[in-house]
Amino acid sequence: MSRSGDKKPVGFATQLIAGGAAGGMEALCCQPLDTIKVRMQLSRSGTAPGTKARGFIATGAMIVRRETPLALYKGLGAVLSGIVPKMAVRFASFESYKNFLADPETGVTNVGNIFIAGLGAGVTEAVAVVTPMEVVKIRLQAQMHSLADPMEVPRYRNAGHAVYTIIKEEGFGTLYRGVTLTALRQATNQGANFTAYQELKKLAHRWQPELTELPSYQHMFIGLISGAMGPFSNAPIDTIKTRLQKATAEPGTSALQRITAIAKDMWAREGVRSFYKGITPRVLRVAPGQAIVFAVYERVRRIIEEMQGSSTDFHTE
């Protein structure tokens, strides 16, 4: 089977099903790490003289001890409700941008344009899905109430109630608070992610020319490496975004003013290390998450195409 540009494009329905399955599996496996990351980013531990910031293991243990293990899955409903359109938009937009940027004569997309297509996919998913989903998720994760106490009523009962309350009390625009930072984070994430994934995948095929399909463990390993690229490049953006989305807006202040104020406050009170709070659980969350996403996506896509009698392959040249 050829691995060139003569492949039929992956259908939108296939992207929707495969991407949704991949995203759902990623969320179920990695949500606890994301909750710990958010709590670390919102925490001001270690600001007092002579104290150290609480690490990710200590943060996770504190959540379990105070709020039960189920608290590690706070915000999962918001994530699951957005993961199918998020992954569909990500893969569909990437394919669209990649095909648009391909050489009209050869159908080949060079590595620079793959990166641009990844940037475009990241911005598209941030605006269409990720920003409102993360605002709701962070509000749910930031709640410190204990799930072990049935008499304690949380401010937000679930994702739907959180959306209703946020719109009612703060306006619809609140769901898009931090959209610029989210778009910047997603763009750099997906630019690095897709570029590294596609290049490593082509390299694996060159090393193993006898294989027409890479085994799932190789897709997973390649996804693990590519997924770790983004968090290290944009950790400060993600931390500022988290604090911006958790906070309520002050009347008369612009988004840029709030972002600047948050960054200055972090620098003055907590130092440069505060911008990298939660980097360990974020890498542990994102990298395995991308390993799961690409491995499940490739496998589900292949199963669907075999059922349809297709030999389409998700490759970029």
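Values in this document were obtained by computation on a predicted structure and should not be read as measured data.

Caption draft 1: Representation of the packing of aromatic side chains in the model. Applying the stated rule across the entire model yields eight aromatic pairs. Where Phe91 meets Phe294, the ring centres are 6.1 Å apart and the plane angle is 90°; that geometry is what we call edge-to-face. Separated by 203 residues along the polypeptide, Phe91 in helix H3 (residues 76–100) and Phe294 in helix H10 (residues 279–307) bring together distant segments of the chain. Here Phe91 matches Phe294 in class, with each residue buried. Residues Phe91 and Tyr297 carry aromatic rings whose centres are separated by 3.9 Å and whose planes lie at 10° to one another, so their mutual orientation is stacked. Residue Phe91 is located in helix H3, and its partner Tyr297 is located in helix H10; the two are separated by 206 residues in the primary sequence. In this structure Phe91 comes out as buried when scored by relative accessible area, which is 0%. Three or more aromatic residues joined by ring pairs form one cluster here, namely Phe91, Phe94, Phe194, Tyr197, Phe294 and Tyr297.

Caption draft 2: Broad picture of the state of the cysteines. Going through the model one piece at a time under the given rule, you end up with zero disulfides. Cys30 supplies the cysteine sulfur nearest to Cys29, a cysteine that is in no disulfide, at a spacing of 5.7 Å. For Cys29, a relative accessible area of 47% puts it in the partly exposed group.

Caption draft 3: Structural view of helix H7 (residues 216–227). For H7, which comprises twelve residues, the first-to-last C-alpha distance of 16 Å matches the rise-based estimate of 16 Å (1.5 Å per residue) to within 8%. Within H7, the full set of buried residues consists of Gln218, His219, Ile222, Gly223, Ser226 and Gly227. Viewed end-on, H7 has its buried residues packed into an arc of 160°, placing them on one side of the element. Away from its buried face, by an angle of more than 90 degrees, H7 presents the exposed residues Tyr217 and Phe221. Each element contacted by the buried residues of H7 is listed here: helix H6 (179–207), helix H8 (229–246) and H10.

Caption draft 4: Structural view of unusual backbone geometry. Positive phi, close to 80°, is recorded for Thr68, a residue that is not glycine. In this structure, Thr68 sits in the loop between helix H2 (56–67) and H3.

Caption draft 5: Structural detail: the packing of H3 against helix H4 (residues 111–142). Taken N-terminus to C-terminus, the directions of H3 and H4 make an angle of 170°; their axes are 7 Å apart at the nearest point. In this view, H3 runs roughly antiparallel relative to H4, as classed from their interaxial angle. Among the residues forming the contact of H3 with H4, the class breakdown is 15 nonpolar, five polar and five charged.

Conventions we followed
- Think of each chain on its own: its residues are numbered from 1, step by step along the sequence as written.
- Selection of residues for local features in this predicted model requires a pLDDT of at least 70, selection of side-chain atom pairs for listing and counting requires 80 or more, and totals for whole chains, interfaces and linings are taken over all residues.
- Remark: hydrogens and water are excluded; side-chain values derive from all non-hydrogen atoms of the structure.
- Between rings of Phe, Tyr and Trp, where Trp is taken as its six-membered ring, a pair exists when centres lie within 6.5 Å; planes separated by under 30 degrees are stacked, by over 60 edge-to-face, and by other angles tilted.
- Labels follow the DSSP assignment, with helices taken as runs of H or I lasting at least four residues and strands as runs of E lasting at least two, numbered in each case from the N terminus.
- Accessibility here uses a 1.4 Å probe with only protein chains present; expressed as a share of the type maximum, an area under 20% marks a residue as buried, one over 50% as exposed, and anything in between as partly exposed.
- By convention in this document, the label disulfide applies to cysteine sulfur atom pairs within 2.5 Å.
- The length a helix should cover is 1.5 Å for every residue beyond the first.
- It is the directions from the helix axis to the C-beta atoms that the arc portrays.
- Any two residues having at least one pair of non-hydrogen atoms within 4.5 Å are treated as being in contact.
- What counts as an axis is a line fitted to C-alpha atoms, over the stretch in contact for a helix, and the angles between N-to-C directions run from 0 to 180 degrees.
- Angles are sorted into four bins: roughly parallel if under 35 degrees, roughly antiparallel if over 145, roughly perpendicular if 65 to 115, and oblique for all others.
- Residues were grouped as follows: Ala, Val, Leu, Ile, Met, Phe, Trp, Tyr, Cys and Pro as nonpolar; Asp, Glu, Lys and Arg as charged; and all remaining residues, including Gly, as polar.

The values are spatial; any link to function lies outside them.
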